[in-house]
Amino acid sequence: MLKTLVSHRWFHPLLLLVWIAIGAGLRFHNLAGKSPWTDEFATMVFSLGNSYHTVPLDQAISLDTLLSPLRSHPAVGVSATIHHLITEDHHPPLYFVLAHWWLQLFAASGGYISLWAARSLPALFGVLSIPAIYGLSLMAFRGRLVAQLAAAMMAVSPYGIFLAQEARHYALGIIWVIASLCCLVVAMQHFKRQIALPIWLVLCWVAVNTLGMATHYFFILTLCAEAIVLLGFWLLGSRFAPVVSKLFPIPDSPFPIPHVQRSRIYAVAAGTLVGCLVWVPVWQAGAAAEMTQWVKNDGSSLVAWINPIFQALATWITMLSLLPVEASSLLLVIVSGAIMLVFFIWATPMLYRGFNVLLEQSNTRLATHVLAGFVLGAIAIFFGITYVLGADITRGARYNFVYFPAVIVLVGAALAIIWNWANTPNDPELLHQENPKSNHSSRFKISGKSAVAIVWLMGLLSGITVVNNLGYQKYYRPDLLVPAIQQTSSVPVLIATTHNTLVQIGEMMGIAWEFQHTKASQLSVVTPQFLLAHQNQEECDGLSCPAYTTLRKTLAQLPRPLDVWLINFKASVEPEAPNCFAEDISQYQTSVDGYKARLYHCLAPDSQAAQRP
């Protein structure tokens, strides 16, 4: 009966719908429950066609003034989105244009943007990545079992859910990565059969690569990894094969790429190059280099050399599993970490053996080499940029979207091998390939199907962890800082920070957003003002920091008593401003994710309480 059900023509479409439904539920659950962070504010501001330049600097401003760029104005067109993005930020505009049109469906004139609306577009792209990964897997391995398992893993991947719940462009970037890999796989299959690439494939490949570059500049890493694969196969089929084969494992029968095939690849490369070069002047005209200073790695210490390895490893792990390691309970964190450790000790050898079987089988060998070469090439590029160019891009787990889909396909293919280890040789879902060696099943105390179920259930628990903010928490946590301010301060509040780029405006917007949220729920009795004291990094020299001068002038104009919260304030405040004194460091100088706070009480000039005890 089960075999009859599996062989029914509607079985696989309906099963794919199940994965899509599970993936959609995870991606849309609690979508607006996490506080937005500075990058998401940039998406919302520019997608609305607004500018950060409307936020006044070097003066005390109200909460509404700080949040004014988040107000929707339906009359503002998409041209404003492109203009402000190019002149104030450093990202290509495709996603922001799509988000602009999307937000028009939700925007109320003059009202603040809906966080749910801003995050729902990438969540939708995240859902679309599930059938897309199904198509890529089916195209690469010609087996529905691989495609179903890859779709199932994509549906619950904690990393995929994390990116889909960000109001950013990474979920759309994943779609273009999958599409480009589809073109690569089809091209390699044509090469193997010595069939010329069709013109439609050349045009589609160029179009996809161009759209990928128009979505995120890091898509170029996807293109470079694909180029490594193509170059590797070309070398293996050329007179250099004996030399190359000593350095890298190769298929049993490397195939040469004929001249007509190479000419079509050259056409793809030329078209893609044009699609990339068009963004060079846009990049040069973008925001200042301070926006990317956070990834700089001088490599001057042992920690700077080791950190990228562990950062990359953490990202790879969370593509499959992430239990509540960021929970507030230390016991839960320890238990979660221990379970994840045991899981990977158990699963890694199993997946490795499944991967080896993929390399042994003739009908899976090519796709495995292509996708594995792509992943390894991308990882090599990441470490090359980090250690050679001194830009530690492993710090941003989100950047690994450039090869994430290939990892999921390879995991799905390995799980398909594991699934069949307990089956008979005549199983109809045996990938239409040689039967794997039966002795693999004896290595496990559970059946292959049970092992696959455990891996998927671990992914499901991990996805639930992410959507409930117990893993992959936002980089900034104003939801923790604002309650501390509300509980501590009973007088008017000034929240001050040093301003260098729009990043600092986003940091303050996060705090203002939380105050606005608590104000709407009538929980807040504090209405803060904000100060963005501008200073360039090179302008600060001891007590002559422009930000400190601005702070003193602002305090002289504000009524007392006043609580001053210095948040990420990169300027000295000693000696303290007149009649202002710091609270006890151990109690009030605190740090939460993304924010380092110091509290000062500023009293009236005639107040005797201004004197230190």
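This write-up is about the structure you can find in this document. (Residues numbered from 1 in each chain as written. Predicted model: local features only at pLDDT ≥ 70, side-chain atom pairs only at ≥ 80, totals over all residues. Heavy atoms only, no water.)

1. Considerations on the state of the cysteines
A full pass over the atoms with the stated rule returns 1 disulfide. For C580, the disulfide goes to C602, at an S-S distance of 1.9 Å. A torsion of 115° about the S-S bond marks the disulfide between C580 and C602 as right-handed. Here C580 is found in strand 5 (residues 580-582), whereas its partner C602 is found in strand 7 (residues 595-602), with 22 residues between them in sequence. In terms of burial, C580 and C602 fall into one category: buried. We note that C183 lacks a disulfide partner, and the nearest cysteine sulfur, in C204, lies 6.2 Å from it. Residue classification places C183 among the buried positions, given a relative accessible area of 8%. Its sulfur unpaired, C224 is 8.3 Å from the next cysteine sulfur, which belongs to C276. (Disulfide = S-S within 2.5 Å. Helix = DSSP H or I, 4+ residues; strand = E, 2+ residues; numbered from the N terminus. Buried < 20%, exposed > 50% of the residue type's maximum accessible area, 1.4 Å probe, protein only.)

2. Side note on the pattern of salt bridges
Taken as a whole, this structure holds 6 salt bridges when the rule is applied. Linking D392 and R395 is a salt bridge whose minimum nitrogen-to-oxygen distance equals 3.2 Å. For R395, a relative accessible area of 35% puts it in the partly exposed group. (Salt bridge = Lys/Arg side-chain N within 4 Å of Asp/Glu carboxyl O.)

3. Some points on helix 6 (residues 94-103)
Most of helix 6 sits out of view: 7 of its 10 residues are buried. Taken together, the buried positions of helix 6 are occupied by L94, Y95, F96, V97, A99, H100 and L103. Along its buried surface, helix 6 packs onto helix 3 (38-47), helix 5 (78-88), helix 7 (115-141), helix 10 (170-192) and helix 11 (199-213). (Contact = heavy atoms within 4.5 Å.)

4. What to know about unusual backbone geometry
Cis geometry is found at the peptide bond from R560 to P561, where omega equals 0°. Relative to the assigned elements, P561 resides in the loop between helix 23 (546-557) and strand 4 (562-567). Positive phi values are uncommon outside glycine, yet N30 reaches one of about 55°. Looking at the element boundaries, N30 is found in the loop between helix 2 (11-28) and helix 3.

5. Examining the pairing of strand 4
In terms of residue burial, strand 4 counts as a mostly covered element, since 6 of its 6 residues are buried. Going residue by residue along strand 4, you find L562, V564 and L566 tucked away on one face and D563, W565 and I567 tucked away on the opposite face as well. By the bridge criterion, 4 bridges tie strand 2 (residues 493-499) to strand 4 in an arrangement that is parallel. From the neighbouring strand, V493 faces strand 4, where its bridge partner is D563. Across 6 bridges, the pairing between strand 4 and strand 7 is antiparallel. (Pairing = 2+ DSSP bridges.)

6. Regarding the side chain of Q148
Tracing the backbone shows Q148 in helix 8 (residues 144-156). In this structure the side chain of Q148 is engaged in a polar contact, spanning 3.0 Å, whose partner is the backbone oxygen of H12. In terms of polar contacts, Q148 uses its side chain to reach the side chain of W19, at 3.0 Å. (Polar contact = N/O pair within 3.5 Å; in protein donor to acceptor, adjacent residues only side chain to side chain.)

7. Observations concerning a nonpolar patch on the surface
On the surface, L302, W305, I306, I309, F310, L313 and W316 cluster together into a nonpolar patch covering about 700 Å² of accessible area. Assignment of secondary structure puts L313 in helix 16 (residues 302-318). (Patch = residues over 30% accessible without salt bridge, like charges linked within 9 Å, V, L, I, M, F, W, Y side chains within 5 Å. Areas by Shrake-Rupley, 256 points an atom, 1.4 Å probe, with all protein chains shown as cover.)

8. Points about the nonpolar core
Among the nonpolar cores identified, the biggest contains 122 residues, and F141, Y159, L371, Y403 and L415 are the most heavily contacted of them. In terms of residues, this core owes the most to one element, helix 10, which gives 16 residues. In this view, Y403 contacts W316, M319, F374, V375, A378, I379 and F382; residues no more than four positions away in its chain are not counted. One finds L48, A167, F530 and W565 within the second-largest nonpolar core, a separate group that totals 45 residues. (Core = buried A, V, L, I, M, F, W, Y, C linked by side-chain atoms within 4.5 Å.)

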